[in-house]
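# What the coordinates show
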Amino acid sequence: EKAGDAMAEENAHTALVAMETYATENGGSYTGVTMAKLNKIEPTLPSTEPEAGKEGIKVSTTASNKYKIESISSNNHTFSIVNEAGVLTYPCSPEEAGGCPSTKVWNK
C-alpha cells in the first residue's frame, strides 16, 4: 500500500515540474497543456491521456493561471496538486489511509 502511494506522489511531483516548465515556456500560462506536451518536457510521463489514465494521472486546467494534477495509486488513493493562481495545495483522500494523513494534506 505504501509503495503504491509513494509512486502516485512521485508521479504528481513529476507532472508538477513539467507543468511549471510548460508555463515558463508559454509566457506563464498553463493554457493548452496536454500529456503529449508534458511528455516532451518530461519523457517519464505518459504521452497520451489514455496512457495517463491507465497510470492514474490526470491533468486539467481551469484558467491560464490554474491547474489540477491528480495521481491515483494502485490502492485508489488520490494525491492531488492544485494551483490556484500561484498558491499550491496538496489534498489527498481517503484520509488516514496509506500516505494520506488525517489532515488530508500529503505534502508539507
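Treat the numbers as computed from the prediction; the structure is a model and nothing was measured. (Residues numbered from 1 in each chain as written. Predicted model: local features only at pLDDT ≥ 70, side-chain atom pairs only at ≥ 80, totals over all residues. Heavy atoms only, no water.)

### Quick word on the packing of aromatic side chains
Throughout the structure, instances matching the rule amount to three aromatic pairs. For the ring pair Y30 and Y67, a centre distance of 4.6 Å and an interplane angle of 70 degrees mean the geometry is edge-to-face. Of the two residues, Y30 sits in the loop between α1 (2–25) and α2 (35–41) while Y67 sits in strand β2 (residues 66–72), which places them 37 residues apart along the sequence. When its relative accessible area of 7% is taken as the criterion, Y30 is described as buried. Classification of Y67 by relative accessible area gives buried; the value is 2%. Measuring from centroid to centroid gives 5.8 Å for F79 and W106, while their planes differ by 85 degrees, and the two rings are edge-to-face. Pair noted here: F79 is in strand β3 (residues 78–84) and W106 is in the segment after β5 (92–93), with a separation of 27 residues, a long-range link. Note on F79: relative accessible area 0%, which makes it buried. Pairwise contacts between aromatic rings join F79, Y90 and W106 into one cluster. (Phe/Tyr/Trp six-rings, centres within 6.5 Å; stacked < 30°, edge-to-face > 60°. Helix = DSSP H or I, 4+ residues; strand = E, 2+ residues; numbered from the N terminus. Buried < 20%, exposed > 50% of the residue type's maximum accessible area, 1.4 Å probe, protein only.)

### Some points on the state of the cysteines
Tallied over the full model, the rule gives one disulfide. A sulfur-sulfur distance of 2.1 Å marks the disulfide that ties C92 to C100. For the disulfide bridge between C92 and C100, the dihedral angle about the S-S bond is near 85 degrees, and by the sign convention the bridge is right-handed. Each member of the pair, C92 as well as C100, carries the same accessibility label: buried. (Disulfide = S-S within 2.5 Å.)

### Things to note about the nonpolar core
In terms of nonpolar packing, the biggest core is built from 23 residues, with M19, L38, L45, I69, I81 and W106 touching the most fellow members. Within the residue set of this core, elements represented by two or more residues are α1, α2, β2 and β3. At eight residues, the largest contribution of residues to this core is made by α1. With near-sequence residues (within four places) excluded, L45 lies in contact with N11, T14, A15, A18, M35, L38, N39 and I57. (Core = buried A, V, L, I, M, F, W, Y, C linked by side-chain atoms within 4.5 Å. Contact = heavy atoms within 4.5 Å.)

### Digging into the pattern of salt bridges
Applying the stated criterion across every chain yields a total of three salt bridges. For K66, the salt bridge identified is with E84, shortest N-O distance 3.5 Å. Highlighted residues: K66 in strand β2 and E84 in strand β3, separated in sequence by 18 residues. With relative accessibility at 27%, the residue K66 sits in the partly exposed group. On the basis of relative accessible area, E84 is assigned to the partly exposed category, the value being 41%. (Salt bridge = Lys/Arg side-chain N within 4 Å of Asp/Glu carboxyl O.)

The analysis is restricted to geometry; functional conclusions fall outside its scope.
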